[in-house]
Amino acid sequence: MNGNCTVPVVVEGGGDGAVAHVGLHALGSFADRLGVGHSLSKSIAWTGERAPVHDRGKVLVQAMLMLAGGGEACTDIEHLRSQTSLFGSVPSDSTLHRTFHQLDAETRAGLWDAIAGVRAEVWSRSSATTGTGDVVLDIDASLHEIHSENKAGTAPHYKGGFGFHPIYCFADATGECLSETLRPGNAGANTITDHVEVLDQAIAGLPEEIAKGHRLGDAPGLVERRVRVRTDSAGCTNFVWDCRERNVGFSVVARSNTSVHAAISRVRFDDEAWQPALTQAGEPRPAAAVAELTEFVDLTGWPPGTRLIVRREPLHQGAQGSLFPSETFRYWGLYTDSSADPVDADLDMRGHARVEDNIHRLKDSGASRFPFTDLDANRAWLDVVAFADALVRWFQLLCVPGRFATAEPKTMRWGFWHTPARLTRHARRNIVRIVDGWPTTAEILTAYQRIAAHLNSLAAAAGHSPPGHPRHLQRVQKRSPRVNDQGHNLDDHEIGRRPITAIPIKQSQADSTFS
């Protein structure tokens, strides 16, 4: 018997030729192909007389990589800074700290606009977001515990803790955060103005062909694709009228009141009024049923076309509150202006629960730590967390096959982002060779192939050679490079550098995902 869990080795310093974080390099390459850094740079004005040593758009993208890899503070950027062979020139933690403090409200709004432009490109290439179906948005708030009273904007909350209470809006199709507002812990869960604010921000971040007709004051005839928002009972307010003013549909969880009690009493023992409920897989849900009670409830004060749909299911231990007192069933309902079948409307509304997974993913990727005492800096931090999450979701949708397409942050970190490899050089190219036996080698190589396919398709659409192509390098090297006062090359992302690849890529190997 051998109880040892390791193999004896001699450990020494001075090793070279090894790299870590190969998966994060793939994510960064994907961001470069999308032009995320260039888009963000345009929204950040220079604060000095000369260009900064580190382009601020690049700094934010590298901060996104840090957050995707599990970073929780500016000092964690040092893990990328030590891998210059993969990530090039990486800012120090003090530079990253200053960058977050330079992002005022106007600049942050410009960053959201820049991300919206990238989102439009990604959504046009993903089967999850193309088509003619409803674009479903999920709004929810969440408590973020802060264990310090020195951070501006924090406050005690209703659960007895202390911290922030941000409100989010997510796209259900991709799970990415479209907008958020950082609020103190004592902010109300059903504050209408906050719901409207994140809804307007989310609509502004949608591709133009989707957002058209859904801005305040737009005529209904401008709508090309329907948008619908889902909320829990916090949205069961005059917020639904704000949705109607924006030609946005709504589905909100119903609250218990005498009118709802009376409606349920009318059909409580009428088995013909109830239809079998379905699971998310489309199978009958045991002993659960759905009924439409629109004709039995007083909908005065609700927009025209509002319906009440109620589901009943057997009581179980730990069940949440019921719309109707019963010792046999738990009753749950929703108000909606959708024309869907009652069973389908109930099934769709239960999908709102995915918003909890989306928030959990944010908290596991930097949103559980707000490293600054300044409120605006922490707002910028949460913005970049949302950008990083969107970048990861786009990468998973377009580049990653199999189980990693929906993997949680922890799984991505262990199996993908921090992949070790050996760096070699052959035929004037840097070659990364993933260590033998690594369990996700096939998935990483597939991701690089799909990134290459995306690069080539973008270049073909623009009618020029892609960055990294020999003709492109030959052309850009003819112009004089821009340098700053320290002599650093501001164009080193494209001049005289060849891309690091996991394997030599052939166009015939490229996946058709980006076509």
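Keep in mind the model is a prediction, meaning the values are calculated, not measured.

Student: Can you walk me through the sheet that holds strand β9 (residues 249–253) in this structure?
Tutor: One key point about sheets: their strands pair by backbone hydrogen bonds, in either a parallel or an antiparallel sense. If you trace the nine strands from one edge of the open sheet to the other, you get β7-β6-β2-β8-β9-β13-β12-β11-β10, paired in mixed fashion. Where the open sheet ends on each side, the last strands, each with one partner, are β7 (177–181) and β10 (275–278). Direction aside, neighbouring strands of the sheet carry axes that sit 25° apart on average. Relative to β9, strand β8 (residues 227–231) runs parallel, the two being bridged by four bridges. From the neighbouring strand, V229 faces β9, where its bridge partner is F250. Most of the contacts of helix α7 (residues 105–123) go to β7, to which it runs at about 160°, and overall it touches β2 (135–141), β6 (167–171) and β7.

Student: Any chance you could explain a nonpolar patch on the surface here in plain terms?
Tutor: A surface patch of nonpolar side chains, amounting to about 350 Å² of accessible area, comprises V7, V9 and V11. Tracing the backbone shows V11 in the segment before β1 (18–19). Accessibility expressed as a relative area gives 72% for V11, which makes it exposed.

Student: Which parts of the structure should I look at to understand the sheet that holds strand β15 (residues 429–434)?
Tutor: Taken in spatial order, the three strands line up as β1-β14-β15 in an open sheet, and their pairing is antiparallel. A strand with exactly one partner marks an edge of an open sheet, and here the two such strands are β1 and β15.

Student: What should I look at first to understand empty space enclosed by the protein in this one?
Tutor: One simple way to see leftover space: roll a probe sized like a water molecule over the atoms. This structure, assessed with the given rule, holds one cavity of 30 Å³ or more. Forming the boundary of the largest cavity are 13 residues, of which A68, R361, S365, V392 and P409 lie nearest the centre. Partitioned by chemical class, the residues of the lining of the largest cavity number eight nonpolar, two polar and three charged.

Student: Honestly, the packing of aromatic side chains in this entry has me stumped. Any pointers?
Tutor: The geometry of an aromatic ring pair comes down to the distance between the two centres and the angle between the two planes. Under the counting rule described, the total for this entry stands at 16 aromatic pairs. Ring plane angle 65° and centroid distance 6.3 Å describe the contact between F329 and Y331, whose orientation is recorded as edge-to-face. Y331 matches F329 in its accessibility class, with the two residues each being buried. Ring geometry for F416 versus W417: centroids 5.5 Å apart, planes at 80°, classification edge-to-face. The class of W417 is buried, set by a relative accessible area of 1%. The rings of F30, F395, F404, F416 and W417 are connected pair by pair, giving a single aromatic cluster. The ring of W274 has R312 sitting right over it, with the charged end atom 4.5 Å from the ring centre. One residue, R312, lies across the ring of F329, its end atom 4.6 Å from the ring centre.

Student: What should I look at first to understand the state of the cysteines in this one?
Tutor: Working definition of a disulfide: a covalent bond connecting the sulfur atoms of two cysteines. Using the criterion set out here, one finds zero disulfides in the structure. With no disulfide of its own, C177 has C169 as its nearest cysteine by sulfur position, at a separation of 7.7 Å.

Student: So what exactly am I meant to see when it comes to the environment of V260 here?
Tutor: On the secondary structure map, V260 appears in helix α11 (residues 258–267). Each C-alpha atom of the pair V260 and L323 lies 7.3 Å from the other, and the pair is 63 residues apart in sequence. V260 has contacts with R255, V297, L308, L323 and Y335, leaving out every residue within four places of it along the chain.

Each value, and the rule that gives it
Residues numbered from 1 in each chain as written. Predicted model: local features only at pLDDT ≥ 70, side-chain atom pairs only at ≥ 80, totals over all residues. Heavy atoms only, no water. Pairing = 2+ DSSP bridges. Helix = DSSP H or I, 4+ residues; strand = E, 2+ residues; numbered from the N terminus. Axes fitted to C-alpha atoms, helices over the stretch in contact; angles between N-to-C directions. Contact = heavy atoms within 4.5 Å. Patch = residues over 30% accessible without salt bridge, like charges linked within 9 Å, V, L, I, M, F, W, Y side chains within 5 Å. Areas by Shrake-Rupley, 256 points an atom, 1.4 Å probe, with all protein chains shown as cover. Salt bridge = Lys/Arg side-chain N within 4 Å of Asp/Glu carboxyl O. Buried < 20%, exposed > 50% of the residue type's maximum accessible area, 1.4 Å probe, protein only. 1 Å grid on protein atoms, 1.4 Å probe; cavity = no way out; pocket = protein on both sides within 12 Å on 5 of 7 lines; lining within 4 Å. Points joined across faces, edges and corners; volume = space filled by probe spheres on them. Nonpolar A, V, L, I, M, F, W, Y, C, P; charged D, E, K, R; others polar. Phe/Tyr/Trp six-rings, centres within 6.5 Å; stacked < 30°, edge-to-face > 60°. Lys NZ or Arg CZ within 6 Å of the ring centre and 35° of its normal. Disulfide = S-S within 2.5 Å.

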